[in-house]
Amino acid sequence: MPSLNDIRSTFLDYFKRNDHRIVDSSPLVPRNDPTLMFTNSGMVQFKNLFTGVETRDYTRASTSQKCVRAGGKHNDLDNVGYTARHHTFFEMLGNFSFGDYFKDQAIPYAWELLTKDFGLNKERLLVTIYHTDDEAAAIWKKVAGLPDERIIRIPTDDNFWRMGPTGPCGPCTEIFYDHGPSIWGGPPGSAEEDGDRFIEIWNLVFMQNEQFEDGSMRALDMQSIDTGMGLERIGALLQGKHDNYDTDLMRSLIEASAHGTSTDPDGSGKIHHRVIADHLRSISFLIADGVMPSNEGRGYVLRRIMRRAMRHAHLLGANDPLMHRIVPALVRQMGAAYPELTRAQALIEETLKLEETRFKQTLDRGLRLLDDELSKLGEGQPLPGAAAFKLYDTYGFPLDLTQDALREKGRAVDVKGFDHAMAEQKAKARAAWAGSGETKDAAIWFDLAEKHGVTEFLGYDTETAEGQI
Ligand code: ATP
Ligand code: MG
Ligand code: MG
Ligand code: MG
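Here's what I pulled together on the structure shown here. (Residues numbered from 1 in each chain as written. Chains lettered and ligands numbered in written order. Predicted model: local features only at pLDDT ≥ 70, side-chain atom pairs only at ≥ 80, totals over all residues. Heavy atoms only, no water.)

## Digging into the overall build of the protein chain
Which entries qualify depends on this criterion: What counts as a helix is a DSSP run of H or I of at least four residues, what counts as a strand is a run of E of at least two, and both are numbered from the N terminus. The globule rule is 2.2 Å times the number of residues to the power 0.38, and the radius of gyration it is compared with is taken over C-alpha atoms. Only protein chains enter the area calculation, which uses a 1.4 Å probe; residues under 20% of their type maximum are buried, those over 50% are exposed, and those in between are partly exposed. Note on contacts: a residue pair is in contact if any heavy atoms of the two residues lie within 4.5 Å. Values of accessible area rely on a 1.4 Å probe in the Shrake-Rupley scheme; residue burial ignores everything except the protein chains shown. Think of it this way: Lys and Arg go in the positive column, Asp and Glu in the negative one, and His and the chain ends go nowhere. For this purpose, a charge sits on NZ of Lys, CZ of Arg, CG of Asp or CD of Glu.
Scanning the protein chain from terminus to terminus reveals 16 helices and 11 strands. For the protein chain, whose C-alpha radius of gyration is 23 Å, the value lies close to the compact-globule estimate of 23 Å for 469 residues. By its C-alpha atoms, the protein chain is 70 × 55 × 45 Å across when sized along the principal axes. Burial statistics for the protein chain: of 469 residues in total, 57% are counted as buried. Long-range pairs, those at least 24 residues apart, make up 73% of the contacts in the protein chain between residues at least 6 apart in sequence. Surface accessibility of the protein chain: about 20100 Å² in total, with carbon and sulfur atoms responsible for 49%. Averaged over its 54 positive side-chain charges, the protein chain has a centre that lies 2 Å from the centre of its 70 negative ones.

What follows is the structure, given as structure tokens:
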């Protein structure tokens, strides 16, 4: 059975054989791109090559890219532990053409790799295309012999890929695998598509447009290709599993979490182990790429992920810091492919230990407060915003941690009430500042914060970061 490490190599070797330059993953913090919180796909490091702003000495590339989807346009934080296919950190395998080959070559490459090199059963594969893309439909028919009913036309943005609110974009075709009727879910475009029966494995984007902030779009001068396949998803298939968390790599982390808490990896704590395994990867790779937990921006997203994981460790009965003890298992699995992880190991362990030790006390007290509050509520009633705000302000519970805790109990937070409490506290801070004699500066600062603070990617996290700890 091939390991995830083997599968990564097979992918890159295939494209190397087909004249692609193998390029290293770029860091999770995009260079010179304030529009994006974290690298969320393989194309991010090549953005300027698609738009023609930059050229390099190659026009074909292939990568295994570290991705984090925990904020902004692509956010899978709430899916983790609940679907078989989502992580906050994952590796995206990709091949790219910068004005070199286009659809008629990208589709045959993907089909050959999947059905020959990886040996997937053709009968289980189906694809989606953007509804107007007759060209892609014709290529699929010719190359793969797929019948019409397995070439599904999708009219929504699901088949028009965008990195974020601006940047290169285009229609796409996605390849799905049918795991069989014993698993709940329907084909793409159907009402049951959120299930795990039909799993999207590979997205081929036909880069031909650029999106601007004002909503307008232009046609790019050249036609390019950008593809992305989740290593963990193809890995699950090739290891005969239908769940990413059952692959060798994720499994070793889950077992380390189970070992560290003397619990059963598949028992009642199953979801907690999955969340811990997932979050550990995000946390470790973010720290390795220079992000440190803090109260704003990227650092606050990291802190939120850390604290969410810590609550799950707490629920497994971990009395001592747990997360840092799983780091060696991760480094064993991924340190060879990503040497920065090995280099940062000590820093990752120390940072986790410190954060977990500091949060432990308020976590215990906050969870007790949460239980008290819940016992006062009638059936189906949401947690009042004031209580969620107190948890946030006094106990350092990010809003999403409280929401995550309530989800298991089928409850929600009154988010409007939470926002209101937050706004009130800000108004108080503003008034206090105004009284301090620095009125003019303060007014300018608050105006700036209001004007520039709320951007798609950084705003929400920066906003809710105030008042932490
Ligand atoms: P989904 O619809 O399943 O959420 P997506 O359409 O958001 O996936 P893309 O943006 O097309 O995903 O990314 C390309 C590929 O990366 C996907 O086909 C999938 O294999 C993989 N991928 C995307 N998101 C995740 C994730 N959160 N965890 C693991 N793999 C992912
Ligand atoms: Mg998605
Ligand atoms: Mg999708
Ligand atoms: Mg997709």
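## Describing the coordination of the magnesium ion (ligand 4)
Stated precisely, the cut-off is as follows: Any N, O or S atom lying within 2.8 Å of the metal counts as a donor, and for Na, K and Ca the limit rises to 3.2 Å; water is left out, so some sites can look incomplete.
For the magnesium ion (ligand 4), the full set of protein donor atoms is Glu-174 (OE) and Glu-200 (OE), and the range of their distances to it is 1.8 to 2.2 Å. Here the magnesium ion (ligand 3) and the magnesium ion (ligand 4) are spaced 3.2 Å from one another, each receiving a donor from Glu-200. In this pair, Glu-174 sits in strand β9 (residues 167-178) while Glu-200 sits in strand β10 (residues 198-211), placing the two residues 26 residues apart along the sequence. We classify Glu-174 as buried; its relative accessible area is 7%. A relative accessible area of 24% means that Glu-200 is categorised as partly exposed.

## Things to note about the side chain of Thr-39
What counts here: Here a polar contact is taken to be a pair of N or O atoms separated by no more than 3.5 Å, where protein atoms must pair a possible hydrogen donor with a possible acceptor and residues adjacent in sequence count only if both atoms sit in side chains.
Assignment of secondary structure puts Thr-39 in the loop between β1 (21-22) and α2 (47-51). Polar side-chain contacts of Thr-39 include one of 2.9 Å to the backbone oxygen of Pro-27. If near-sequence neighbours (up to four positions away) are discounted, Thr-39 is found in contact with Ser-26, Pro-27, Leu-28, Val-29, Pro-30, Val-44, Gln-65, Lys-66, Cys-67 and Val-68.

## What about helix α4 (residues 134-144)?
Using the following cut-off: This arc corresponds to the set of directions leading from the helix axis out to the C-beta atoms.
Buried within α4 we find Ala-136, Ala-137, Ile-139, Trp-140 and Ala-144. Looking down the long axis of α4, one finds its buried residues gathered within 165° of arc, a one-sided arrangement. Lining the buried residues of α4 we find α3 (103-117), β6 (125-130), β7 (151-154), β9 and β10. Backbone geometry just after α4 places Gly-145 at a positive phi near 65°.

## Comments concerning the nonpolar core
Put simply, the test is: Put simply, buried Ala, Val, Leu, Ile, Met, Phe, Trp, Tyr and Cys residues joined by side-chain atoms within 4.5 Å make one nonpolar core.
Counting 110 residues, the largest nonpolar core has Trp-140, Trp-202, Ile-234 and Leu-383 as the members making the most contacts within it. Examining the composition of this core, we find that nine residues originate from one element, helix α7 (residues 270-288), more than from any other. Those residues in contact with Trp-140 that lie beyond four places of it in its chain are Ile-107, Trp-111, Val-127, Ile-129, Gly-145, Leu-146, Ile-151, Thr-173, Ile-175 and Leu-204. Formed by 16 residues, the second largest nonpolar core is a distinct cluster that contains Leu-36, Met-43, Tyr-58 and Val-205.

## Section: the layout of surface pockets
The rolling of a water-molecule-sized probe over the atoms marks out the regions of remaining empty space. Applicable threshold: Cavities and pockets were defined on a 1 Å grid built over protein atoms only: a cavity is a set of grid points that admits a 1.4 Å probe from which the probe cannot escape, a pocket is an open set flanked by protein on both sides within 12 Å along at least five of seven lines, and lining residues are those with an atom within 4 Å of any such point. Grid points are joined across faces, edges and corners, and a volume is the space filled by probe spheres set on the points. Note on residue classes: Ala, Val, Leu, Ile, Met, Phe, Trp, Tyr, Cys and Pro are nonpolar, Asp, Glu, Lys and Arg are charged, and everything else, Gly too, is polar.
Roughly 940 Å³ of internal volume is contained in the largest pocket. Every residue lining the largest pocket is counted, 40 residues in all, and those nearest its centre are Arg-69, His-74, Glu-174, Glu-200 and Arg-233. For the lining of the largest pocket, the elements supplying multiple residues, two or more each, are β4 (74-75), β5 (89-97), β8 (160-162), β9, β10, β11 (217-230) and α5 (231-238). Looking at the lining of the largest pocket element by element, the count peaks at six residues for β10. A breakdown of the residues in the lining of the largest pocket according to their chemical character gives 13 nonpolar, 13 polar and 14 charged.

## Regarding empty space enclosed by the protein
Within this structure, the stated rule accounts for four cavities of 30 Å³ or more. Its boundaries defined by the atoms lining it, the largest cavity holds a volume of some 50 Å³. As for the largest cavity, its lining consists of Met-310, Ala-313, His-314, Ala-318, Asp-320, Glu-356, Lys-360 and Leu-363. Secondary structure elements with two or more residues in the lining of the largest cavity: α8 (297-315) and α11 (345-375). When grouped by side-chain class, the residues that make up the lining of the largest cavity number four nonpolar, one polar and three charged.

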